[in-house]
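Remarks on the overall topology
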Amino acid sequence: MDTKAETKKITVAHSPDSDDAFMFYGLATNKIDTGNIKFEHVLKDIQTLNEEAFNGTYDVTAISFHAYFHVTDKYVLLPHGASIGRGYGPVLVSLEPRKPEEISKLKIAVPGELTTAFLVLRIYDQNFDYIVVPFDKIIDAVKRGEADAGLLIHEGQLFYKDLGLDKILDLGEWWHEKTNGLPLPMGGNAVKRELGIDLMREISKYLRRSIQYSMENREDALVYAMQFAREMSPELADRFVAMWVNDLTLDYGEIGRESVKRLLQEAQEKGIIKNNVEIEFVDY
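Residues numbered from 1 in each chain as written. Predicted model: local features only at pLDDT ≥ 70, side-chain atom pairs only at ≥ 80, totals over all residues. Heavy atoms only, no water.

**A word on the overall build of the chain**
Per the secondary structure count, the chain includes 13 helices and 11 strands. Relative to the 2.2 N^0.38 estimate, which gives 19 Å for 284 residues, the radius of gyration of the chain is 19 Å and therefore close to what a compact globule would have. Principal-axis analysis of the C-alpha atoms places the extent of the chain at approximately 70 × 45 × 30 Å. Burial analysis of the chain (284 residues in total) assigns 56% to the buried set. A fraction of 77% describes how many contacts in the chain between residues 6 or more apart in sequence connect residues 24 or more apart. For the chain, the computed accessible surface area is about 12700 Å², with 45% contributed by carbon and sulfur atoms. Of the side chains in the chain, 33 bear a positive and 46 a negative charge, and the two mean positions are spaced by 2 Å. (Helix = DSSP H or I, 4+ residues; strand = E, 2+ residues; numbered from the N terminus. Rg over C-alpha atoms; globule rule 2.2 N^0.38 Å. Buried < 20%, exposed > 50% of the residue type's maximum accessible area, 1.4 Å probe, protein only. Contact = heavy atoms within 4.5 Å. Areas by Shrake-Rupley, 256 points an atom, 1.4 Å probe, with all protein chains shown as cover. Lys, Arg positive; Asp, Glu negative; His and termini not counted. Charge placed at Lys NZ, Arg CZ, Asp CG, Glu CD.)

**What about a negative patch on the surface?**
There is a patch of like negative charges on the surface, built from Asp45, Glu51, Asp136 and Asp140. Its location among the elements puts Asp136 in the loop between β8 (129-132) and α6 (138-143). A relative accessible area of 42% places Asp136 in the partly exposed class. (Patch = residues over 30% accessible without salt bridge, like charges linked within 9 Å, V, L, I, M, F, W, Y side chains within 5 Å. Salt bridge = Lys/Arg side-chain N within 4 Å of Asp/Glu carboxyl O.)

**Focus on the side chain of Thr34**
Among the structural elements, Thr34 can be located in the loop between α2 (25-28) and β2 (37-43). Assessed through its relative accessible area of 14%, Thr34 is described here as buried. With sequence-adjacent residues up to four places away left out, Thr34 is seen in contact with Leu27, Phe39 and Tyr206.

**Some thoughts on helix α13 (residues 253-269)**
Taking 1.5 Å of rise per residue, the 17 residues of α13 would be expected to cover 24 Å, and the 25 Å separating its terminal C-alpha atoms lies within 8% of that figure. Every buried residue belonging to α13 is among Gly256, Ser259, Val260, Arg262, Leu263, Leu264, Glu266 and Ala267, and all of these are buried. For α13, the elements touching its buried residues are α4 (65-68), β5 (83-85), α5 (116-124), α8 (171-178) and β11 (184-192). (Expected span 1.5 Å × (residues − 1).)

**As for α5**
In terms of residue burial, α5 counts as a mostly covered element, since 7 of its 9 residues are buried. What α5 keeps buried is the set Thr116, Ala117, Phe118, Leu119, Val120, Leu121 and Ile123.

**Details of the pattern of salt bridges**
Tallying each qualifying case throughout the model produces 13 salt bridges. The residue Arg193 makes a salt bridge to Glu280 at a minimum N-O spacing of 2.9 Å. On the criterion of sequence distance, the pair formed by Arg193 in the loop between β11 and α9 (197-216) and Glu280 in the segment after α13 is long-range, its members being 87 residues apart. Among the residues examined, Glu280 registers a relative accessible area of 31% and is labelled partly exposed. Put simply, Lys178, Arg262 and Glu266 are held in one network by salt bridges that share partners.

**Thoughts on the side chain of Asp17**
Looking at the element boundaries, Asp17 is found in the loop between β1 (8-14) and α1 (18-23). Look at Asp17 and you get buried, because its relative accessible area is 3%. In terms of polar contacts, Asp17 uses its side chain to reach the side chain of Ser15, at 2.7 Å. (Polar contact = N/O pair within 3.5 Å; in protein donor to acceptor, adjacent residues only side chain to side chain.)

**Topic: the packing of helix α10 (residues 218-226) against helix α11 (residues 234-244)**
Where α10 meets α11, the axes come as close as 10 Å, and the angle between the chain directions of the two elements is 110°. Looking at the two axes, α10 sits roughly perpendicular to α11. Crossing of α10 against α11: the hand is right-handed. Where α10 abuts α11, its residues Arg218, Leu222 and Met226 lie against Pro234, Ala237, Asp238, Val241 and Ala242. Here the contact of α10 with α11 is composed, by residue class, of 6 nonpolar, no polar and 2 charged. (Axes fitted to C-alpha atoms, helices over the stretch in contact; angles between N-to-C directions. Parallel < 35°, antiparallel > 145°, perpendicular 65-115°, else oblique. Left-handed = near helix turned anticlockwise from the far one by under 90°. Nonpolar A, V, L, I, M, F, W, Y, C, P; charged D, E, K, R; others polar.)

**Observations concerning the packing of aromatic side chains**
By the definition in use, this model includes 12 aromatic pairs. Through a chain of ring-to-ring contacts, the aromatic side chains of Tyr25, Tyr213 and Tyr224 assemble into a single cluster. The ring centre of Phe281 lies 4.1 Å from the NZ or CZ of Arg257, which sits over that ring. (Phe/Tyr/Trp six-rings, centres within 6.5 Å; stacked < 30°, edge-to-face > 60°. Lys NZ or Arg CZ within 6 Å of the ring centre and 35° of its normal.)

Shape descriptors only; they carry no functional weight alone.
This is the structure:
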């Protein structure tokens, strides 16, 4: 019997960040037996992945929840692989001390209009001016005076103080207080509906195993992830991965799913998300 004829190629697109690399370590290094499925990894920044999700470019894609709310006709959320912050999230910073009440008067450098960070900031205050800047250039834009403030995602959240920047608002802290303790969901993994429920479940099983493998082999997975850590020290990369790969990454659980629903609800109440959205997960 020709088993090659049965091999299914599945594209898995995710960002070249240390937390994503950590999650996919087991899969990318063939530590997981994936049967007849051959996973092909595509590495692109999250803004590009958000945009390409509108065209259904990849079978599985990392996606900001803000973007996901626009593509639920094409994609279903996998029940694992999410980046969900417990009491922390994107940080709004400036050179000069500012107060949250001043946000509407500021020009803010944001990492993309489809990012969840931008969505949550707009839920907080919709009246600010903004410019879109690649996430890893935002600190420079603020220091050069191109923007009054910058919305930091990724590792910039950890070392902005060392660069002389001042925190205006941690959106994760604000969200935690506003929602009586819900974590802040930033991004997840989604799979194309057209693959059908059986294949979606099979893909889900292998991706979950990859996350589990990485958690059980943390040191090896961190060494692998370090090559994607943009010159972060091992200590900083470890902290960053610990923030965004946690128990809710392995499974959203009830609180994780509730947090995604609440994010959508808040965005709809503010008129930011206008389309009808049904949040759906692939369940085993």
